[in-house]
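Working through the structure, step by step
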Amino acid sequence: MIQRVQSIWLFLASLALFLLIILPVVTKMSNNTEYWVLVSGLYQKATTGTIKVEGFMALMISTIALAILTFANIFSFRNRTLQKRICNVVIILTVALSFWISQMAQHLPGGMEGVAYNAGAFMPILAIIFNFLALRGIKNDEQLIKSADRLR
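Owing to the predicted nature of the structure, the values given are computational and were not obtained by experimental measurement.

As a further point, take the packing of helix 2 (residues 57-72) against helix 3 (residues 80-105). Helix-helix packing: each pair is described by the crossing angle between the helix axes and the interaxial distance. Packing of helix 2 against helix 3 brings their axes to within 11 Å, and their N-to-C directions diverge by 160°. Accordingly, the angle class assigned to the pair helix 2 and helix 3 is roughly antiparallel. As helix 2 packs across helix 3, the resulting crossing turns out to be left-handed. From helix 2, A58, L59, S62, T63, L66, L69 and T70 reach across to helix 3, where they touch I86, V90, L93, T94, L97, W100, I101 and M104.

So this is what it looks like as structure tokens:
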């Protein structure tokens, strides 16, 4: 059933990953110019507006795909072992995505010295926590079903 607790956790994990697309990960002031990193690219604030310095299209596509996979995992409630496997894969891929984002943040002028971490930097951590909570809910469901089978 979709109204289980782990469905809420999986929805929150996918929401955190979708928010990662629009929230800046890090910002930095360098030579009186503000730079910020999103999963879509490196941006610079200019007098005429915002300039996209470098695009990270593969990173953005990977983030969207991971968020969609997490959301689609909600609907695999009939097969709990598959749902657990997908949760484990999403956790591993989110850790890899976090590492990839940190590598892309190195593209800031001057590197990572003196950066300010924004809300986007904490979204992968939230997604991992929510996936762990969903795994715990799936395991509780399995234990409940096993105990109900014993009563029959």
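Turning our eyes to something else, we now look at the pairing of strand 1 (residues 26-30). Burial analysis of strand 1 places four of its five residues in the buried class, which makes it a mostly covered element. Relative to strand 2 (residues 33-38), strand 1 runs antiparallel, the two sharing five bridges. Following the sheet pairing, S30 is matched in strand 2 by T33. Hairpin connection between strand 1 and strand 2: a loop of two residues separates the two successive antiparallel strands, and N31 in this loop has a positive phi of roughly 55°. As judged from the two bridges shared by strand 1 and strand 5 (residues 116-117), these two strands associate in the antiparallel manner. What sits directly across from T27, in strand 5, is A116.

This next bit is on the environment of T47. Position of T47 among the secondary structure elements: in the loop between strand 3 (41-46) and strand 4 (49-55). As a C-alpha pair, T47 and T33 span 14 residues in sequence and 9.6 Å in three-dimensional space.

Moving on to the layout of surface pockets. By volume, the largest pocket amounts to about 190 Å³. As for the largest pocket, its lining consists of 13 residues, of which V25, S98, I101, S102 and A121 are closest to the centre. A total of four residues in the lining of the largest pocket trace back to one element, the largest contributor, which is helix 3. When grouped by side-chain class, the residues that make up the lining of the largest pocket number ten nonpolar, three polar and no charged.

What counts and how
Residues numbered from 1 in each chain as written. Predicted model: local features only at pLDDT ≥ 70, side-chain atom pairs only at ≥ 80, totals over all residues. Heavy atoms only, no water. Axes fitted to C-alpha atoms, helices over the stretch in contact; angles between N-to-C directions. Helix = DSSP H or I, 4+ residues; strand = E, 2+ residues; numbered from the N terminus. Parallel < 35°, antiparallel > 145°, perpendicular 65-115°, else oblique. Left-handed = near helix turned anticlockwise from the far one by under 90°. Contact = heavy atoms within 4.5 Å. Buried < 20%, exposed > 50% of the residue type's maximum accessible area, 1.4 Å probe, protein only. Pairing = 2+ DSSP bridges. 1 Å grid on protein atoms, 1.4 Å probe; cavity = no way out; pocket = protein on both sides within 12 Å on 5 of 7 lines; lining within 4 Å. Points joined across faces, edges and corners; volume = space filled by probe spheres on them. Nonpolar A, V, L, I, M, F, W, Y, C, P; charged D, E, K, R; others polar.

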